[in-house]
Amino acid sequence: MVRNTVIYISSNVIKLVASLIVTLPMVTFYLSVEQIGVYAYIALLSSFLMIPLSSGGQAIVASHYFTSDKNERKKMFFHIYVVEIIIKILLFIIVVFFGEQFLKIAFHEYKNEYINYLLIYSASLIFSATKPILYYFFTVERKAGIFFFYNTIEVILNLFFITLFFYFLELGLIGYFLSALFTSFIIFLLDVYTMSKNFIIGFDRQWVGTIYHKGFKLFYVNLLEQFLNLYDSYIVQRFLNLNHLGVYSHAKQYIGNFSMVDNAFFYSYLPSYMRMLNKEEKIDTFKIMLAWYCFLLCLGIC
């Protein structure tokens, strides 16, 4: 587990370094404070509309992966992917028809170009919807090296498109949204190519029922989570302005980058934890968690 932890942390460190050294400086150089606020707020609004209703893929994999045989796992992944993509396409159609009305309510000062930003970012969420399931698959299979590879490719693509749209094409804010779309699209193609080897195509009522009971019923929890993520930003732009929201959103990115370290531990620890629940391994959960959160405490104070 120690080796996997190092690999997972390394992949997230690469993201962290790329964000702090390249992405954030480029964003603050090419975009105004108000534009940074617009991007962050529309990303939150899009997530609020697109994310809550999902297949619950990670929860289903966590519950059934280690208790299913190889064929059942392939059926499970196929159904999760198909349902997830269908849901996101249907939600995107709703955003197309009602997105502008929603933005006029959400923004204190609405501008016509905001609907284009919302549609671009919502489209990127269609393609990025299955990425957590792919990474979860690498985790339970203990394929830390492939996880590292995909994370690195994602970082490279993101940096490439941000540089292309900001520096070479000079597209400004819409270029920032397009970079998210193009990155998520290419990762999606790699995702489907990789997971297609772990699919059994066909309809199985059992897995559809499982997705409904363990995925769809997470809607209210997911909705509340997205609402809490959105609420503070809404208050800032409603009672202050988008410039203040830009500063506030920029500061929150550093908190998000710090959480990458915690996610790395989660990915490395999860397979052992799941095998422990199935009585396939014995680990001292308390000592591991205590040591880890003491480390995070010290790191956070620094």
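How each quantity is defined
Residues numbered from 1 in each chain as written. Predicted model: local features only at pLDDT ≥ 70, side-chain atom pairs only at ≥ 80, totals over all residues. Heavy atoms only, no water. Helix = DSSP H or I, 4+ residues; strand = E, 2+ residues; numbered from the N terminus. Buried < 20%, exposed > 50% of the residue type's maximum accessible area, 1.4 Å probe, protein only. Contact = heavy atoms within 4.5 Å. Areas by Shrake-Rupley, 256 points an atom, 1.4 Å probe, with all protein chains shown as cover. Expected span 1.5 Å × (residues − 1). Bend = angle between axes of the 7 residues up to and from the residue. Polar contact = N/O pair within 3.5 Å; in protein donor to acceptor, adjacent residues only side chain to side chain. pLDDT = per-residue confidence, 0-100. Phe/Tyr/Trp six-rings, centres within 6.5 Å; stacked < 30°, edge-to-face > 60°. Lys NZ or Arg CZ within 6 Å of the ring centre and 35° of its normal. Salt bridge = Lys/Arg side-chain N within 4 Å of Asp/Glu carboxyl O. Disulfide = S-S within 2.5 Å. 1 Å grid on protein atoms, 1.4 Å probe; cavity = no way out; pocket = protein on both sides within 12 Å on 5 of 7 lines; lining within 4 Å. Points joined across faces, edges and corners; volume = space filled by probe spheres on them. Nonpolar A, V, L, I, M, F, W, Y, C, P; charged D, E, K, R; others polar.

## Quick look at the overall build of the chain
Then, number 1: Summing up its helical and strand segments, the chain has 12 helices and 0 strands in all.
Then, number 2: Element order for the chain, N to C, with α for helix and β for strand: α-α-α-α-α-α-α-α-α-α-α-α.
Then, number 3: For the chain, the residues scored as buried account for 45% of the 302 residues in total.
Then, number 4: When contacts within the chain are restricted to residue pairs at least 6 apart in sequence, those whose partners lie at least 24 apart make up 81%.
Then, number 5: Summing over all exposed atoms, the chain offers an accessible surface of approximately 15,600 Å²; the carbon and sulfur share of this is 68%.

## Examining helix 4 (residues 70–106)
Then, number 1: With 37 residues, helix 4 ought to run about 54 Å at 1.5 Å a step, yet its terminal C-alpha atoms sit only 46 Å apart, falling short of that.
Then, number 2: Maximum bend of helix 4: about 65 degrees, positioned at F98.
Then, number 3: The residue sitting at the N-terminus of helix 4 and contributing the capping side-chain oxygen is D69; that oxygen lies 3.3 Å from the backbone nitrogen of N71.

## Some points on the confidence of the model for the chain
Then, number 1: For the chain, the mean per-residue pLDDT works out to 86, and 88% of the residues sit at or above 70.
Then, number 2: Mean pLDDT per element in the chain: helix 11 (residues 242–277) is the minimum at 72, and helix 5 (residues 114–128) is the maximum at 97.

## Focus on the packing of aromatic side chains
Two aromatic rings, taken as a pair, are described by how far apart their centres are and by the angle between their planes.
Then, number 1: Following the criterion strictly, the structure yields 31 aromatic pairs and no others.
Then, number 2: Pairwise contacts between aromatic rings join F29, Y30, Y39, Y41, F107, Y110, Y114, Y117, Y121, F166, Y176 and F177 into one cluster.
Then, number 3: Just above the ring of Y65 sits the side chain of R73; from NZ or CZ to the centre is 4.1 Å.
Then, number 4: Here the basic side chain of R238 rests over the ring of F239, its NZ or CZ set 5.3 Å away from the ring centre.

## Looking at unusual backbone geometry
A negative phi angle is the norm for most residues apart from glycine, just as the trans form is the norm for most peptide bonds.
Then, number 1: Even without being glycine, E170 reaches a positive phi, approximately 55 degrees.
Then, number 2: One can find E170 in the loop between helix 7 (144–168) and helix 8 (173–195).

## Describing the pattern of salt bridges
Pairs can form between side chains of opposite charge whenever their charged atoms are close.
Then, number 1: This model, assessed by the stated rule, comprises 8 salt bridges.
Then, number 2: When the shortest N-O distance is used, the salt bridge between E34 and K111 registers 3.4 Å. One end of the pair, E34, is in helix 2 (residues 33–50); the other, K111, is in the loop between helix 4 and helix 5, with 77 residues separating them in the sequence.

## Brief notes about the state of the cysteines
Then, number 1: A complete count under the given rule lists 0 disulfides for this structure.
Then, number 2: C298 provides the cysteine sulfur closest to C294, a residue in no disulfide bond, and the two sulfurs are 6.9 Å apart.

## Remarks on the layout of surface pockets
Then, number 1: Considered as a void within the structure, the second largest pocket measures approximately 150 Å³ in volume.
Then, number 2: Along the walls of the second largest pocket sit F48, L49, P52, L53, L91, I94, V95, F98, G99, F102, F219 and L223, which together make up its complete lining.
Then, number 3: Tallying contributions element by element places helix 4 first for the lining of the second largest pocket, with 6 residues.
Then, number 4: Looking at the lining of the second largest pocket residue by residue, the classes come out as 11 nonpolar, 1 polar and no charged.

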